[in-house]
Amino acid sequence: MDRFSGIVKDWLGIYPQSISVPDDQFVSYTYFEGLAQGTKTITGNVNGVPTAAGNYYMVMFTNDSYTEVSNRVQFQVTAGSLGTEETKNKYREKCSYIS
């Protein structure tokens, strides 16, 4: 993802694919903390990539809301985890900012 709006409370949520309408049932989330461009690394057990096998998607929201401002990027965890580099590269390739 190359562009963010720069709002401190913009955030990225990771959801199981079974959740079609995003809400507070996310697996993980991270705030962009005002970044207007660049990259954001998803790390840690609470706010990291999922470790349970399954199908997931990640999506960006604006200003602490559930208003989606990016395409959903689907990914699958087949073993214990999906590496941070793999997730970052996949998201960068497929996610574009929706204005």
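Residues numbered from 1 in each chain as written. Predicted model: local features only at pLDDT ≥ 70, side-chain atom pairs only at ≥ 80, totals over all residues. Heavy atoms only, no water.

1. With respect to the sheet that holds strand β3 (residues 54-61)
Within a sheet, adjacent strands bond to each other through the backbone by hydrogen bonds, running parallel or antiparallel. In plain terms, the rule: Strand pairing is assigned whenever DSSP identifies at least 2 bridges connecting the two strands. Numbering of helices and strands runs from the N terminus, with a helix taken as a DSSP run of H or I at least four residues long and a strand as a DSSP run of E at least two residues long. Fitted lines through C-alpha atoms give the axes, limited to the stretch in contact for helices. The angle between two N-to-C directions lies from 0 to 180 degrees.
In space, the 4 strands of this open sheet follow the order β2-β1-β3-β4, with antiparallel pairing throughout. Edge strands, defined here as strands with exactly one partner in the open sheet, are β2 (28-31) and β4 (73-77). Sheet twist, expressed as the average angle between the axes of neighbouring strands with direction ignored, equals 20°. Sheet topology places β3 next to β4; 5 bridges connect them, and they run antiparallel. Looking at β4, one finds that Tyr56 is bridged to Phe75.

2. Focus: the packing of aromatic side chains
Stated precisely, the cut-off is as follows: Think of it this way: a Phe, Tyr or Trp ring, Trp meaning its six-membered ring, pairs with another when their centres are within 6.5 Å, and the plane angle makes it stacked under 30 degrees, edge-to-face over 60, tilted otherwise. Buried, partly exposed and exposed residues are distinguished by accessible area as a fraction of the type maximum, computed with a 1.4 Å probe on protein chains only: under 20%, between the cut-offs, and over 50%, respectively. For a ring to carry a charge above it, either NZ of a lysine or CZ of an arginine must fall within 6 Å of the ring centroid while also lying within 35 degrees of the normal to the ring plane.
In the structure shown here, the tally under the stated rule is 11 aromatic pairs. With a centroid separation of 4.9 Å and an interplanar angle of 65°, the aromatic rings of Phe26 and Tyr29 are classed as edge-to-face. The partly exposed category is assigned to Tyr29, whose relative accessible area is 29%. In this arrangement the basic side chain of Lys9 is found over the ring face of Tyr31, its NZ or CZ atom lying 4.7 Å from the centre.

3. A look at the pattern of salt bridges
So the rule is basically this: A side-chain nitrogen of Lys or Arg and a carboxyl oxygen of Asp or Glu constitute a salt bridge if their distance falls within 4 Å.
Counted by the stated rule, this structure contains 1 salt bridge. For the salt bridge of Arg72 with Glu68, the shortest nitrogen-to-oxygen distance reads 2.8 Å. Here Arg72 falls in the partly exposed class, since its relative accessible area comes to 34%. Here Glu68 falls in the partly exposed class, since its relative accessible area comes to 29%.

4. Examining the nonpolar core
General note: in soluble globular proteins, nonpolar side chains tend to be found buried as a group. Worth spelling out the cut-off: Here, the term nonpolar core denotes a set of buried Ala, Val, Leu, Ile, Met, Phe, Trp, Tyr and Cys residues that are joined through side-chain atoms within 4.5 Å.
Ranked by size, the top nonpolar core spans 12 residues in total: Leu12, Ile14, Phe32, Ile42, Val49, Tyr56, Met58, Met60, Val69, Val73, Phe75 and Val77. Secondary-structure elements contributing two or more residues to this core are β1 (11-16), β3 and β4.

Treat this as a map of the structure, not an account of what it does.
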